[in-house]
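Structural description and commentary
The primary structure of each chain is shown beneath.
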There are 2 protein chains.
Amino acid sequence: MKPLPTTERGRRSRMAIVSAAAKLMHERGLAAPSMDDVLAASGAGKSQLYHYFGGRQDLRVAVLHHQFDLVIAAQPALRDQTCDDIRRWRDEVLAAHRSSGLGTCPLGTFVGQTDGDQVLQDTLAGLFARWQDAIAGLVARAQRTGRADPETDPAAAALSLLTALQGGIMLAHLRRDPAPLQDSLDTAMSPLLIRTSQ
Amino acid sequence: MKPLPTTERGRRSRMAIVSAAAKLMHERGLAAPSMDDVLAASGAGKSQLYHYFGGRQDLRVAVLHHQFDLVIAAQPALRDQTCDDIRRWRDEVLAAHRSSGLGTCPLGTFVGQTDGDQVLQDTLAGLFARWQDAIAGLVARAQRTGRADPETDPAAAALSLLTALQGGIMLAHLRRDPAPLQDSLDTAMSPLLIRTSQ
């Protein structure tokens, strides 16, 4: 990976390239767009593109990180260290999915597309591990305030929630109906949550 | 779609083409392989290929049906009208996933890749609906013999199981570890199953 640009203008022009590449790769697959496709879609110059990215693999790694950042930004309950409300996270996931037009997951869609490239595979697995850790953090906070079952292992609960999210988005996208996502999240959440009188 | 071949030899040569195309499309994406790629991979002749398939869309529809047939063949509990054992189905799913080398789902991997082509989209959604119906049939049989909660709607339970299967396979593939699939299926099954003294 080349170093990130240090100027605001540099960051913006790099970001325009990554955004255009992310859109193409989400639509056609991680491996599909050529550097020329990305050039055409981003409107960047060739020297600029190769100034920021050594090649296609570099660009794919940048796209994976970019999609992860967008996913996490849409789930503020995960980063808010005062949030102990797993239902709030569920609502954020559903809202983000709705505003994507019931699209596929920006990150999950790449699972299976990194096979055979160890760098891409490790990058994607690492980002999913960070996502799972962030959900586990929310579960642990809910346990500390008595909103979640203290007997459950937060990492196991987080994996179960992330699995439900991925399977739910897939089926919801396929059926053009958000119900499978809502139902699968609720099923995964239900053994975890402690009923309150509210 | 062209009519299916009527001779055994014709069926075998068509099947060889579909199998080769299925392998390429599973690895690279539904839209990636050209007719020439399929020709090269299958060893079929050009006239033979176009005798069985009008074009790329025809071939993709055939591949979707082919992958569905393989998926269902690996889950005999769904077709066995005397089977009322949801755990047997779960074990079949886990065994098939293990023998695929913890690969991605042959059918689920295409979700998101049919967007923009109504025929492919309807085909894939229709196959998933048939899969869900087959699981619902198993749930209904388990309800009739008292092995599953009779209050649960079989279609809703089947959707929840299918979502868990898809999300579980995704995460298991990503982590190269079958545990996420096993855990997600068990979580989805647990509200449904009635504990027996066995």
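Per an unreviewed UniProt entry, chain A is named TetR/AcrR family transcriptional regulator, and its organism is Pseudonocardia yunnanensis.

**Structural notes on the nonpolar core**
As a rule of thumb, nonpolar side chains are buried together in soluble globular proteins. In this structure, Ile-86, Trp-89 and Trp-131 of chain A together with Ile-86, Trp-89 and Trp-131 of chain B are the most contacted members of the largest nonpolar core, which totals 126 residues. Discounting chain neighbours no more than four positions away, the residues touching Trp-131 of chain A are Phe-68, Val-71, Ile-72, Gln-75, Leu-78, Cys-105, Leu-107, Leu-162, Leu-165 and Gln-166 of chain A.

**Thoughts on the domain arrangement of chain A**
Residue and element names in this part refer to chain A. When its domains are assigned, chain A resolves into domain 1 (1-66) and domain 2 (74-198). Measuring from the centre of the C-alpha atoms in domain 1 to the corresponding centre in domain 2 gives 28 Å. Opposite the 10 residues of domain 1 that make contact, domain 2 presents 15 residues. Interface area, domain 1 with domain 2, both sides summed: about 1000 Å², of which 71% is carbon and sulfur. Considering only the surface of domain 1 that becomes buried against domain 2, His-26, Leu-30 and Leu-64 emerge as the three largest contributors, covering 57% of it. There are zero salt bridges connecting domain 1 and domain 2. Where the side of domain 1 that touches domain 2 is concerned, the elements lending two or more residues are helix 1 (8-28) and helix 4 (56-73). The greatest single-element share of the side of domain 1 that touches domain 2, amounting to six residues, is contributed by helix 4.

**Re the relation of the copies chain B and chain A**
Structural alignment of chain B on chain A gives an RMSD of 0.0 Å, achieved by rotating through 180° and translating 0.0 Å along the axis. With respect to symmetry, the two chain copies, as superposed, fit the operation of a two-fold axis. Identified as the residue of chain B closest to the rotation axis by C-alpha distance is Gly-167 of chain B, at 1.8 Å. Of all interface residues in chain B, 100% are interface residues in chain A too; the two copies therefore contact each other through one and the same surface.

**A closer look at the layout of surface pockets**
As a volume, the largest pocket reaches approximately 1000 Å³. Gly-29, Thr-109 and Gln-113 of chain A together with Thr-109 and Gln-113 of chain B are, among the 49 residues lining the largest pocket, the residues nearest its centre. Looking at the lining of the largest pocket, the elements with two or more residues in it are helix 1 and helix 8 (154-175) of chain A together with helix 1 (8-28) and helix 8 (154-175) of chain B. In the lining of the largest pocket, the residues fall into 17 nonpolar, 24 polar and eight charged. Looking at the second largest pocket, its volume works out to about 480 Å³. In terms of lining, the second largest pocket is formed by 22 residues, of which the most central are Ala-96, Ser-100, Thr-104, Cys-105 and Pro-106 of chain A. Elements supplying a minimum of two residues to the lining of the second largest pocket: helix 1, helix 4, helix 6 (86-99) and helix 8 of chain A. Examining the composition of the lining of the second largest pocket, we find that five residues originate from one element, helix 1 of chain A, more than from any other.

**What to know about helix 9 (residues 179-189) of chain A**
Within helix 9 of chain A, burial applies to Pro-180, Leu-181, Ser-184, Leu-185, Ala-188 and Met-189 of chain A. With its buried residues spanning 160° around the axis, helix 9 of chain A presents them on a single face. Against helix 6 and helix 8 of chain A together with helix 8 and helix 9 (179-189) of chain B lie the buried residues of helix 9 of chain A.

**A closer look at the interface of chain B and chain A**
The interface of chain B with chain A comprises 29 residues on the first partner and 29 residues on the second. In this assembly, chain B packs against chain A so that about 2300 Å² is buried in total across both faces, 69% of it on carbon and sulfur atoms. Taken together, the connections running from chain B to chain A amount to two salt bridges. Taken together, the elements giving at least two residues each to the side of chain B that touches chain A come down to helix 7 (118-144), helix 8 and helix 9 of chain B. With 13 residues, the top contributor of residues to the side of chain B that touches chain A is helix 8 of chain B. Residue classes in the side of chain B that touches chain A are distributed as 12 nonpolar, 14 polar and three charged.

**Structural notes on the packing of helix 7 (residues 118-144) of chain A against helix 8 of chain A**
Residues and elements named next belong to chain A. Axis separation between helix 7 and helix 8 bottoms out at 8 Å; the angle between their running directions is 120°. One finds that helix 7 runs oblique with respect to helix 8. The interaxial crossing formed by helix 7 with helix 8 has right-handed handedness. Between helix 7, through Phe-128, Trp-131, Gln-132, Ile-135, Ala-136, Val-139, Ala-140 and Gln-143, and helix 8, the contact on the second element is made entirely by Pro-154, Ala-155, Ala-157, Ala-158, Leu-159, Leu-161, Leu-162, Leu-165 and Gln-166.

Procedures and definitions
Residues numbered from 1 in each chain as written. Chains lettered and ligands numbered in written order. Predicted model: local features only at pLDDT ≥ 70, side-chain atom pairs only at ≥ 80, totals over all residues. Heavy atoms only, no water. Core = buried A, V, L, I, M, F, W, Y, C linked by side-chain atoms within 4.5 Å. Buried < 20%, exposed > 50% of the residue type's maximum accessible area, 1.4 Å probe, protein only. Contact = heavy atoms within 4.5 Å. Domains from an automatic or database assignment. Buried area = accessible area lost by both parts, 1.4 Å probe. Salt bridge = Lys/Arg side-chain N within 4 Å of Asp/Glu carboxyl O. Helix = DSSP H or I, 4+ residues; strand = E, 2+ residues; numbered from the N terminus. Least-squares fit on C-alpha atoms with pLDDT ≥ 70 in both. 1 Å grid on protein atoms, 1.4 Å probe; cavity = no way out; pocket = protein on both sides within 12 Å on 5 of 7 lines; lining within 4 Å. Points joined across faces, edges and corners; volume = space filled by probe spheres on them. Nonpolar A, V, L, I, M, F, W, Y, C, P; charged D, E, K, R; others polar. Arc of directions from axis to C-beta. Axes fitted to C-alpha atoms, helices over the stretch in contact; angles between N-to-C directions. Parallel < 35°, antiparallel > 145°, perpendicular 65-115°, else oblique. Left-handed = near helix turned anticlockwise from the far one by under 90°.

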